[in-house]
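For reference, the chains in residue letters:
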Amino acid sequence: MTPIPDLLTGLLQQAASAAGLDPAAIAPVVPTRDPSHGEYQSNSAFKLAKAARKAPRDVAALLAEHLPDHPAIGRTEVAGPGFLNLWLGDAWLGERLAAQCDAPRFGVPAREGCVVIDYSSPNVAKRMHVGHMRSTIIGEALARLHRFVGYEVIADNHLGDWGTQFGKLIVAWHRWLDPDAFRADAIGELQRIYVRFHEAAKDDPALDDLARAETAKLQSGDPENLALWSQFIDVSMIEFNTIYERLDVSFDVVYGESHYNERLQSLVDELLAAGVAADSEGAVVVPFEKADGKGLADTALVIRKSDGAALYGTTDLATIEERIQTWDPVRILYVTAHPQQLHFRQVFAAARKAGWTKPELEHVWFGMLTLPEGKLASREGRVITLKDLLDEAHRRARVLVDEKSPHLPEDERDEIAEAVGVGAVRYADLSQNPQSNIVFDWDKMISLDGNTAPFLMYSYARCRNIQSKGEIQDRSLVAFTPSHPLERELAVALLGFPEVVELALGTYRANLLCDYLFGVAKALNRFYGDCPVLRSEGETLATRLALVEASARVLGAGMQLLGIRPLDRM
Ligand code: ARG
């Protein structure tokens, strides 16, 4: 299925040839934001006019005149200094929308190859923080988008499960562990004894030596330390998994940093032998110059400390090497907060120097998310955990659901509240430019009005509600012809889905998809307000039912990509 912008661009190229102009100078046609400028727009006349020494408006008119007869084009208009505005043909629009909604991937061209997405990646024995939640939510949306268009996606949770902190934890475990506290809240207790270690080590530096010795024992395979370490991982995973379950996130592999341990020393040796890495005052580094990338001039990535230990960057390089050997991916995405930008620029530059040039390496970084001051402080003055955050969202959503749908059974209301609450948290995160800092605003995000998950969910449920009220069993889509302006507006909005999927995919920005779905939901509401569905008849009824079904499919698919559950009633 040719994307609409490509189809229209092709028609304009034909028009250019027919008018004796250069078809190669036709720029891609783009969808417009303001419907008064047409549904699609071409600005090619400006470039053509220069070469032809004509006025752009005249060239735009010439193109319009020479457009081949095609049902996709309903109307054209020369606007402003030389834009050519295009409106789709009514009948073609309805036919295309029906076909598009039935096509695999809504007509988005299929992709091939493997994409590895490294996200969530919390650190063992520590509580997941809001940054890890953002990584989980954004990474999952990217994984779903990539899967949707046909990539084979490997969702990889790159746990922080190795390093010197484990020696410290083992020392602390033997000295200060409170077994009851550990049973009640394992990660909380591990965090407590870890902090305790640092406090004690301030006065007693010998503790650091002990910790180093325990780390060394662990790394050389001491069974007792290995057992403790794997217990730390197990209890951490139990807690992480409860969050993943609530967020409906799953990983294809959970290879923590420890998974790459065996490769580290040989990799450093290889990089040294290849001249990619060099000795530097007893350590081994990969040195960079200006040409290696932005901000890299005179920096270096340390890959072996003078005491022989490997580092975070060493693991990341070994990880790239193994991912290439295992999956031969076309792309690897890393989703972390912004402070790791330099780290990844260095790792990517080192990978290029090592000759690993096939996968595109991309750091998808995000800004900070903060909670509104004080609003979430727990009664006991505890640090707010992600569980607390999701519980609070659930509680607030429950108030909304109880108010809107008191007639639904209690357990269904509770289930809806979970979907709405978690969906609202997710959407509040995804609907903003990932690179800006955001503050949660509970009232806004749980509201039914505005660019929120509840609004989208409600709009979707409304479609399903119309269908069940009308006892519409047949949900197949057939060609229809919109006639009312609001039918048309909705149909055009729905047609834009594949284009926005491309855009979100190409920029790694799910917020573009959110904006789009918000636009669809608004168009649906305007349509619904002015165009009674079940009270209409004949062709009008068929058209409106088709629009309801197409809306449900597009909203439903878009919400799934974001990880928001479309519910038939709420
Ligand atoms: N564990 C790290 C952190 O919490 C994130 C790991 C990101 N992925 C990676 N391959 N470095 O900051």
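Preceding this paragraph is the structure being described.
My aim in this report is to walk through the structure given alongside it, one point at a time. Since the structure is predicted, the reported quantities are computational estimates derived from the model, not experimental observations.

**What about the sheet that holds strand β8 (residues 283-287)?**
Strand order across the open sheet formed by three strands is β7-β8-β9, with antiparallel pairing between neighbours. Looking at strand neighbours, the two that pair on one side only are β7 (278-280) and β9 (300-304), the edges of this open sheet. Strand after strand, the sheet turns through a mean of 45° between neighbouring axes, direction not considered. Across three bridges, β7 lies against β8 in antiparallel orientation. Across the sheet, D279 pairs through a bridge with V284, a residue of β8. The strands touched by helix α13 (residues 341-353) within the sheet are β8 and β9, with β9 carrying the most contacts at an inclination of about 75°.

**Section: the environment of A201**
With respect to the secondary-structure elements, A201 resides in helix α8 (residues 186-203). Taking the C-alpha atoms as reference, A201 lies 15 Å from Q191; in sequence the two are ten residues apart. Setting aside residues up to four positions removed in sequence, A201 forms contacts with L207 and D208.

**Some details on empty space enclosed by the protein**
Under the counting rule described, the total for this entry stands at three cavities of 30 Å³ or more. Here the largest cavity is characterised by a volume of approximately 50 Å³. V124, A125, K126, Q165, L169, Q191 and Y194 together form the lining of the largest cavity. Those elements that provide at least two residues to the lining of the largest cavity are α6 (165-176) and α8. Here the lining of the largest cavity is composed, by residue class, of four nonpolar, two polar and one charged.

**With respect to the packing of aromatic side chains**
If you walk through the whole model with that rule in mind, you get 17 aromatic pairs. Judged by centre distance (5.2 Å) and plane angle (75°), the ring pair of W162 and W229 falls under edge-to-face. Residue W162 is located in the loop between β6 (152-156) and α6, and its partner W229 is located in helix α10 (residues 223-246); the two are separated by 67 residues in the primary sequence. Taking the centre distance of 5.8 Å and the plane angle of 80° together, the rings of F455 and F518 count as edge-to-face. Highlighted residues: F455 in helix α17 (residues 453-469) and F518 in helix α20 (residues 510-530), separated in sequence by 63 residues. Given the relative accessible area of 17%, F518 is considered buried. Among the aromatic side chains, those forming a connected cluster through ring pairs are F106, F148, F497 and Y516. Above the face of the W87 ring, R75 is positioned so that its terminal group lies 3.8 Å from the ring centre.

**What to know about the pattern of salt bridges**
Counting across every chain of the model gives 38 salt bridges. Salt-bridge contacts for R263 lead to E322; the nearest nitrogen and oxygen are separated by 2.9 Å. Of the two residues, R263 sits in the loop between α10 and α11 (264-273) while E322 sits in helix α12 (residues 312-327), which places them 59 residues apart along the sequence. Residues R396 and E392 are paired through a salt bridge, measuring 2.9 Å at the closest nitrogen-oxygen approach. Linking R396 with E392, this pair stays in helix α14 (residues 386-404), spanning four residues, or about one helical turn.

**Digging into the pairing of strand β3 (residues 73-79)**
In this structure, β3 lies alongside strand β4 (residues 83-88), joined through six bridges in antiparallel fashion. Its bridge partner lying in β4, E77 is registered against N85. From the end of β3 to the start of β4, which pair antiparallel, there are three residues, and G80 there has a positive phi angle of about 55°.

**Considerations on α6**
With twelve residues, α6 should cover 16 Å at 1.5 Å per step; its first-to-last C-alpha distance of 16 Å lies within 8% of that length. Across the twelve residues that make up α6, a large majority, ten, are buried. Packing partners of the buried residues in α6 comprise α7 (179-184), α8, α9 (206-219) and α10.

**A few points about the environment of E360**
Inspection of the secondary structure assignment puts E360 in strand β11 (residues 360-366). In this structure E360 comes out as partly exposed when scored by relative accessible area, which is 38%. In this view, E360 contacts V330, R331, I332 and Y508; residues no more than four positions away in its chain are not counted.

**Some words on the site of the ligand**
The ligand sits among D118, S121, N123, H132, H158, Y312, D316, Y334, T336, Q340 and F344. Interatomic distance of 2.7 Å between a side-chain N/O atom of D316 and a nitrogen atom of the ligand. Breaking the shell around the ligand down by element, the ones donating at least two residues are α12 and β10 (331-337). The class makeup of the residues in the shell around the ligand is three nonpolar, six polar and two charged.

Rules used throughout
- Sequence order as written defines the numbering, with residues in each chain counted from 1.
- With pLDDT at 70 or above as the cut-off, local features in this predicted model cover only qualifying residues; side-chain atom pairs require 80 or more to be listed or tallied, and sums for whole chains, interfaces and linings still use all residues.
- Water and hydrogen atoms play no part in the side-chain values, which are based on all heavy atoms of the structure.
- The rule for pairing is simple: two strands pair if DSSP sees at least two bridges between them.
- Only DSSP runs of H or I covering at least 4 residues are called helices, and only runs of E covering at least 2 are called strands; the numbering of each starts at the N terminus.
- Comment: axis = line fitted to C-alpha atoms, over the contacting stretch for helices; angle = value between 0 and 180 degrees taken between N-to-C directions.
- Contacts are assigned to residue pairs with any non-hydrogen atoms lying within 4.5 Å of each other.
- Using a grid of 1 Å spacing that covers the protein atoms alone, one calls a set of points a cavity when a 1.4 Å probe fits there but cannot get out, and a pocket when the set is open and has protein on both sides within 12 Å along at least five of seven lines; lining residues are those with an atom within 4 Å of a point.
- Grid points are joined across faces, edges and corners, and a volume is the space filled by probe spheres set on the points.
- Any residue outside Ala, Val, Leu, Ile, Met, Phe, Trp, Tyr, Cys, Pro, Asp, Glu, Lys and Arg is labelled polar, Gly included; the first ten of those are nonpolar and the last four are charged.
- Pairing of aromatic rings covers Phe, Tyr and the six-membered ring of Trp, with a centre-to-centre limit of 6.5 Å; geometry is then stacked below 30 degrees between planes, edge-to-face above 60, and tilted otherwise.
- A 1.4 Å probe rolled over the protein chains alone gives each residue an accessible area, and that area as a share of the maximum for its type sets the label: buried under 20%, exposed over 50%, partly exposed in between.
- In this scheme, the term charge over a ring applies when either NZ of a lysine or CZ of an arginine sits within 6 Å of the ring centre and within 35 degrees of the ring normal.
- The term salt bridge refers to a side-chain nitrogen of Lys or Arg lying within 4 Å of a carboxyl oxygen of Asp or Glu.
- Here, expected helix span is obtained from the residue count minus one, scaled by 1.5 Å.
- Throughout, the term near means that a residue has one or more heavy atoms lying within 4 Å of the molecule or strand in question.
- A 3.5 Å cut-off defines polar contacts: any pair of N or O atoms within that distance qualifies, except that in protein one atom must be a possible hydrogen donor and the other a possible acceptor, and neighbouring residues in sequence count only when both atoms are side-chain atoms.

Purely spatial values, then, with no claim about function.
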